Amino acid sequence: MQPRVDFISLGVRSVAASRAFYVDGLGWPVHRELPGDVVFIQVNHGLVLSLWDVRQMQADAGVTASGAVPCITLSHNLPGTEDVDRVMEEAAAAGAEIIAEPITQPWGGYSGYFADPDGFRWEVAYNPTWAVDDDGAVTV
């Protein structure tokens, strides 16, 4: 198996509310959708974020509902601290709950967290030691 992720699927309570947040609020383009069931958003080269009705996702994956927000963080890395502040402001304007305002971190970076309508945490970060080259490889 190759070390690769092609889809990140989030089980959401309301596909319409999540679509409103990500597409209408943040301005992310829809790649494809089945209204009310799932919205696919291409978020990077070869990577798709799917916003999938949680009941359908749980049935398909054989998962019993726990009601708790899963412990997963999605990260959005940016080239500078000003970019982090701008994206956090955009997320708040789109309806995100700001969980942690951006601060300078002990590891040398700058980051904050917001939650989408289902509580999924997004880290918005600048890491001065992290870069992606033109081929998409991470360099540290």
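Residues numbered from 1 in each chain as written. Predicted model: local features only at pLDDT ≥ 70, side-chain atom pairs only at ≥ 80, totals over all residues. Heavy atoms only, no water.

A few words now on the sheet that holds strand β5 (residues 73–78). Pairing in this open sheet of 4 strands is mixed, and the strands run β5-β8-β7-β6 from one edge to the other. The sheet terminates laterally at β5 and β6 (97–104), the two strands that pair on one side only. Along the sheet, successive strands turn relative to each other by an average axial angle of 15 degrees, direction set aside. Both β5 and strand β8 (residues 121–126) contribute to a ladder of 6 bridges, which runs parallel. Among the inter-strand pairings, Ser75 is bridged to a residue of β8, identified as Glu123. Most of the contacts of helix α3 (residues 81–93) go to strand β7 (residues 110–115), to which it runs at about 10 degrees, and overall it touches β5, β6, β7 and β8. (Pairing = 2+ DSSP bridges. Helix = DSSP H or I, 4+ residues; strand = E, 2+ residues; numbered from the N terminus. Axes fitted to C-alpha atoms, helices over the stretch in contact; angles between N-to-C directions. Contact = heavy atoms within 4.5 Å.)

Read from one edge to the other, the open sheet built from 4 strands follows the order β1-β4-β3-β2, with strand pairing classed as mixed. The sheet terminates laterally at β1 (7–12) and β2 (32–34), the two strands that pair on one side only. Ignoring which end each strand starts from, the neighbouring axes of this sheet average 20 degrees apart. Bridging between β1 and strand β4 (residues 47–53) involves 6 bridges; their strand directions are parallel. The partner of Phe7 across the bridge, within β4, is Val48. Here helix α1 (residues 15–25) sits on the sheet in contact with β1, β2, β3 (38–44) and β4, set at roughly 145 degrees to β4. Set on the sheet, helix α2 (residues 54–61) makes contact with β1 and β4; between it and β4 the angle comes to about 105 degrees.

Along the chain, the position of Asn127 falls in the loop between β8 and β9 (131–132). A distance of 2.7 Å separates a polar atom in the side chain of Asn127 from a polar atom in the side chain of Thr129. Sequence-distant contacts of Asn127, that is, excluding residues within four places in its chain, are made with Leu78 and Trp107. (Polar contact = N/O pair within 3.5 Å; in protein donor to acceptor, adjacent residues only side chain to side chain.)

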